[in-house]
There are 2 protein chains.
Amino acid sequence: MVRKPAKSGMKADAKVASTRKPNMREAILAAAEELFSTYGFNAVSVRDIAQAAGANPGSVTYHFKTKDGLLLEIYRRHCGPMNRRRSELLAAARRVRDLQDRLEAIVRAYVLPAFTSGSDLTGGGTRFTRLRAIMSAEGNEVVRKIIAQTFDDTSHAFIDAIHESLPHIPRTDLVWRGHFLLGALYYTLVTPERISRLSRGSADGTDAGHAIEELVRATVAALQAAPVDQGAPAPRKAPGVSLGRMLT
Amino acid sequence: MVRKPAKSGMKADAKVASTRKPNMREAILAAAEELFSTYGFNAVSVRDIAQAAGANPGSVTYHFKTKDGLLLEIYRRHCGPMNRRRSELLAAARRVRDLQDRLEAIVRAYVLPAFTSGSDLTGGGTRFTRLRAIMSAEGNEVVRKIIAQTFDDTSHAFIDAIHESLPHIPRTDLVWRGHFLLGALYYTLVTPERISRLSRGSADGTDAGHAIEELVRATVAALQAAPVDQGAPAPRKAPGVSLGRMLT
DNA sequence: TGAATATTTGGACGATAGTACAAATATGGT
DNA sequence: ACCATATTTGTACTATCGTCCAAATATTCA
C-alpha cells in the first residue's frame with residue numbers, strides 16, 4: 001500500500017483524535033478491518049495497520065501473533081453476531097403467511113445483516129461484507145476454511161427456506177440464484193461508484209437502503225423464474241440469436 | 001505466492017512441454033494471465049511469472065518494463081476482441097422481433113463473450129473475465145482507468161438496448177440490475193466450487209454452458225421485475241418483516 | 001559471412017515485507 | 001509503595017519484492 005501523501009508536521013498518528021488509547025487491541029482490529037476491506041489483504045502491510053491504529057508494529061504481533069491471526073480474529077468477531085441476526089430474521093420470515101411476502105422476507109433476512117452490523121452500526125456491516133467480498137476474490141486460504149465452516153450452514157438454511165416457498169423450482173436452480181445474489185451483493189459493496197457512474201448520477205451506489213431494495217426486488221424475481229431444465233434441449237423456437245452451448 | 005511443493009529433480013520449468021520457446025513474450029503473457037486470474041495481482045511476483053513461463057525475471061522487465069505494464073498489455077490484448085464480439089452479438093440481438101426473445105438475446109450477448117474468447121478458445125474468455133473480477137475487487141489503480149474507458153461504453157450500449165425492450169422500467173433500475181448481473185457473473189467465475197459444494201454435487205460451477213443458462217434466465221426475470229420506486233413509501237401492506245430503511 | 005540488432009541471462013540494488021525479541025514502560029492487586 | 005504481569009517500544013533479522021544493468025547469446029539482414 002503506498003497511498004497518502006502524509007502532511008508533514010503532524011504527530012504521525014492522527015487517527016480518530018478522540019480518547020487516546022483506551023484499548024489498543026481494538027484500535028488495531030478496527031484499522032485492519034478498514035484497510036483490508038479497502039485495499040485487500042495482500043496490499044496492506046502490518047506496518048500500515050500499526051500506523052493507522054497509532055500503534056507499534058510489534059504490538060500487532062503481540063496481540064495477534066501473525067497477520068493471518070489478525071484476519072482470523074476479525075472474522076471471529078463478526079461471524080457470530082451476523083449469523084445470529086440472520087437466523088433471527090430467517091425465523092421471523094418463515095412465520096409470514098402469504099407465500100409471496102414470505103419469499104421476500106426471506107431474501108431480506110439474508111441481505112439485511114450484510115449491510116448492518118450487530119455491534120457497531122457505523123458501517124460495520126458493509127465494511128465486513130466488503131472484506132468478505134475481497135477475500136473471496138483474492139482466494140485467501142485462511143479464510144476459505146472459515147467460509148465453509150461458518151457460512152455454508154447459513155446458506156443451506158436459506159436455500160431450504162426458499163425451497164419451501166418455491167417447491168416447484170429444483171434446488172439446483174435455487175443454489176445458482178442464491179449464488180448470484182451473493183455475487184451481486186459483494187460487487188455492489190466493492191464497486192458502488194460504478195452504479196453512480198453508469199446511472200449518470202441519478203443513483204447512489206453507496207446508498208445501502210436503496211441497494212437493499214433493488215437487490216431484494218431483483219432477487220425475488222430471479223428466484224421465481226422458470227427453472228433451467230438442464231437435460232432437455234431448447235423447448236421453444238430458436239431464442240433470437242442461436243448460440244446455445246458452444247463451449248466446454 | 002508460496003504454493004507448489006515443487007518436486008526436486010525437474011529442470012525448473014515444465015510449463016506446457018510443447019515446443020520449446022517460439023515466442024517468450026507470449027509465454028510470459030500467458031503465464032501472467034493465468035497467475036493473476038488465480039491469485040490476484042498483488043499475490044503474484046514477477047519471479048513467479050517468469051518461472052511459470054520458463055523465462056528469466058529480467059525478460060519480463062525487458063518486454064513489459066514494469067509489472068503494471070504487463071497487466072496493461074494483458075488488458076490491451078483482450079479488450080478489443082471481447083468488446084467487438086459483444087457489439088456484434090448486441091447488433092444481432094437488436095434485430096430480434098419478439099420483445100421477450102430480444103431481451104433474452106441481449107442478455108445473452110452480454111454474458112457469452114465473458115465466457116468465450118475471441119482468439120484462443122481454451123478457457124481464454126473465462127480466464128480474462130476472472131482476472132477482471134479479481135482486479136475490480138483488489139481495486140487496482142492501473143485497471144480502473146481502462147475499465148472506465150473501455151467498458152463503460154459497452155455497458156451503456158447494453159443498458160440502452162435493454163431499456164428499449166423494457167421502456168416502462170426506469171433506467172436507474174436497469175443500471176442496478178445490470179450491475180447485479182456483472183457481480184453474479186464475476187462471483188461465479190471466482191468461486192465456482194461454492195456452487196458445487198452448496199448443491200451437494202448436483203451442479204458444477206465450472207460448467208460454463210450451464211452457468212450461462214442460469215445467468216440469462218435469472219437476469220431476464222430480474223430485469224422484468226416491477227421497478228423500485230424510490231420516493232414512494234411501501235405501496236402494499238407491510239411486506240412480512242418490517243425493516244425497511246433503518247440505515248444510512 | 002559479418003555486422004547490427006534483439007533477446008536472454010545472472011547478478012545486484014535498495015525498499016519493504018512478516019516476524020522475533022530484549023528492554024522499557026504501564027497497569028492492577030495487595 | 002511494591003511486585004508481578006501486561007503491554008508497548010525500538011530494533012534487528014531474514015526473505016522477497018520490483019527493477020536495473022552489463023555481459024552473454026540469438027537472430028536478422030545487407
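In what follows, the accompanying structure is described. Along each chain, residues carry numbers from 1 onward, in the same order as the chain's sequence is written. Just so you know, chain letters begin at A and ligand numbers begin at 1, following the order they were written in. Confidence filtering applies because this is a predicted model: local features only for residues at pLDDT of at least 70, side-chain atom pairs given and counted only at 80 or more, and all residues used for totals across whole chains, interfaces and linings. The basis for the side-chain values is all heavy atoms of the structure; hydrogens and waters are excluded.

What to know about the protein's contact with DNA strand C
Link 1 in the chain: If even one non-hydrogen atom of a residue comes within 4 Å of a molecule or strand, that residue is called near it. Close to DNA strand C lie 15 residues, the nearest being Arg47(A), Lys67(A), Met24(B), Tyr62(B) and His63(B).
Link 2 in the chain: Considering DNA strand C, the proportion of its atoms within 4 Å of the protein that are sugar or phosphate atoms stands at 60%.
Link 3 in the chain: Separating a phosphate oxygen of DNA strand C from a side-chain N or O atom of Ser45(A) is a distance of 3.4 Å.
Link 4 in the chain: For this analysis, a polar contact is any N or O atom pair within 3.5 Å, provided that within protein one partner can donate a hydrogen and the other can accept it, and provided that sequence-adjacent residues contribute only side-chain to side-chain pairs. Interatomic distance of 2.8 Å between a backbone N/O atom of Val46(A) and a phosphate oxygen of DNA strand C.
Link 5 in the chain: A helix here means a DSSP run of H or I that spans at least four residues, while a strand means a run of E at least two residues long, and both kinds are numbered starting from the N terminus. Breaking the surface near DNA strand C down by element, the ones donating at least two residues are α2 (46–53) of chain A together with α3 (57–64) of chain B.

A look at the relation of the copies chain A and chain B
Link 1 in the chain: When chain A is brought onto chain B, the operation consists of a screw motion whose angular component is 180 degrees and whose axial shift is 0.0 Å, with 0.0 Å RMSD remaining. Such a combination of turn and shift is consistent with a two-fold rotation axis. Copy-to-copy alignment: least squares on C-alpha atoms, limited to residues at pLDDT 70 or above in both.

Concerning the packing of helix α10 (residues 208–224) of chain A against helix α8 (residues 171–190) of chain B
Link 1 in the chain: Between the N-to-C directions of two axes lies an angle of 0 to 180 degrees, each axis being a line fitted to C-alpha atoms and, for a helix, fitted only over the stretch in contact. Remark: α10(A) packs on α8(B), axes separated minimally by 10 Å, with the N-to-C direction vectors making an angle of 70 degrees. Here α8(B) runs roughly perpendicular to α10(A), going by the angle between their axes. Facing α10(A), whose interface residues are His210(A), Ala211(A), Glu214(A), Leu215(A), Arg217(A) and Ala218(A), α8(B) presents Asp173(B), Trp176(B), Arg177(B) and Phe180(B).
Link 2 in the chain: Gly counts as polar in this scheme, as do all residues outside two lists: the nonpolar Ala, Val, Leu, Ile, Met, Phe, Trp, Tyr, Cys and Pro, and the charged Asp, Glu, Lys and Arg. Residues that form the contact of α10(A) with α8(B) fall into these classes: five nonpolar, one polar and four charged. Angles are sorted into four bins: roughly parallel if under 35 degrees, roughly antiparallel if over 145, roughly perpendicular if 65 to 115, and oblique for all others. Residue contacts follow a heavy-atom distance rule, with two residues in contact if any of their heavy atoms lie within 4.5 Å.

Focus: the protein's contact with DNA strand D
Link 1 in the chain: Around DNA strand D there are 17 residues in total, and Met24(A), Tyr62(A), His63(A), Arg47(B) and Lys67(B) lie nearest to it.
Link 2 in the chain: At the protein interface, 58% of the atoms of DNA strand D within 4 Å belong to sugar or phosphate.
Link 3 in the chain: Residue Ser45(B) places a side-chain N or O atom 3.3 Å away from a phosphate oxygen belonging to DNA strand D.
Link 4 in the chain: Looking at the surface near DNA strand D, the elements that each hand over two or more residues are α3 (57–64) of chain A together with α2 (46–53) and α3 of chain B.
Link 5 in the chain: Take the surface near DNA strand D: its biggest share by element is four residues, from α3(A).
Link 6 in the chain: Residues belonging to the surface near DNA strand D are distributed by class as follows: four nonpolar, eight polar and five charged.

Focus on the nonpolar core
Link 1 in the chain: Core analysis: the biggest nonpolar cluster contains 92 residues, and Phe115(A), Leu215(A), Phe115(B) and Leu215(B) have the highest contact counts within it.
Link 2 in the chain: In this view, Leu215(A) contacts Val111(A), Phe115(A), Leu181(A), Ala184(A), Leu185(A) and Phe180(B); residues no more than four positions away in its chain are not counted. We define the nonpolar core as a collection of buried residues of types Ala, Val, Leu, Ile, Met, Phe, Trp, Tyr and Cys that are connected through side-chain atoms lying within 4.5 Å of one another. Remark: exposure states derive from per-residue accessible area (1.4 Å probe, protein chains only) relative to the maximum for the residue type, with buried under 20%, exposed over 50%, and partly exposed in between.

So, the pattern of salt bridges
Residue and element names in this part refer to chain A.
Link 1 in the chain: Salt bridges are counted wherever a side-chain nitrogen of Lys or Arg sits within 4 Å of a carboxyl oxygen of Asp or Glu. Inspection of the entire model under this criterion finds 24 salt bridges over all chains.
Link 2 in the chain: Between arginine 171 and aspartate 160 there is a salt bridge, with its nearest N and O atoms 2.5 Å apart. Of this pair, arginine 171 sits in helix α8 (residues 171–190) while aspartate 160 sits in helix α7 (residues 141–165); the two residues are 11 residues apart in sequence, bridging distant segments of the chain.
Link 3 in the chain: On the basis of relative accessibility, which here comes to 17%, the residue arginine 171 falls in the buried class.
Link 4 in the chain: You can call aspartate 160 partly exposed: its relative accessible area is 33%.
Link 5 in the chain: Notably, a salt bridge pairs aspartate 173 with arginine 177, separated by 3.9 Å at the nearest N-O pair. Highlighted residues: aspartate 173 and arginine 177, both in helix α8, separated by four residues, approximately one helical turn.

A closer look at the side chain of Thr129(B)
Residues and elements named next belong to chain B.
Link 1 in the chain: Following the sequence through the fold, threonine 129 ends up in helix α6 (residues 124–138).
Link 2 in the chain: Overall, the relative accessible area of 1% leaves threonine 129 in the buried class.
Link 3 in the chain: Filtering out sequence-adjacent residues up to four positions away, threonine 129 remains in contact with Met82, Ala114, Tyr186 and Leu189.

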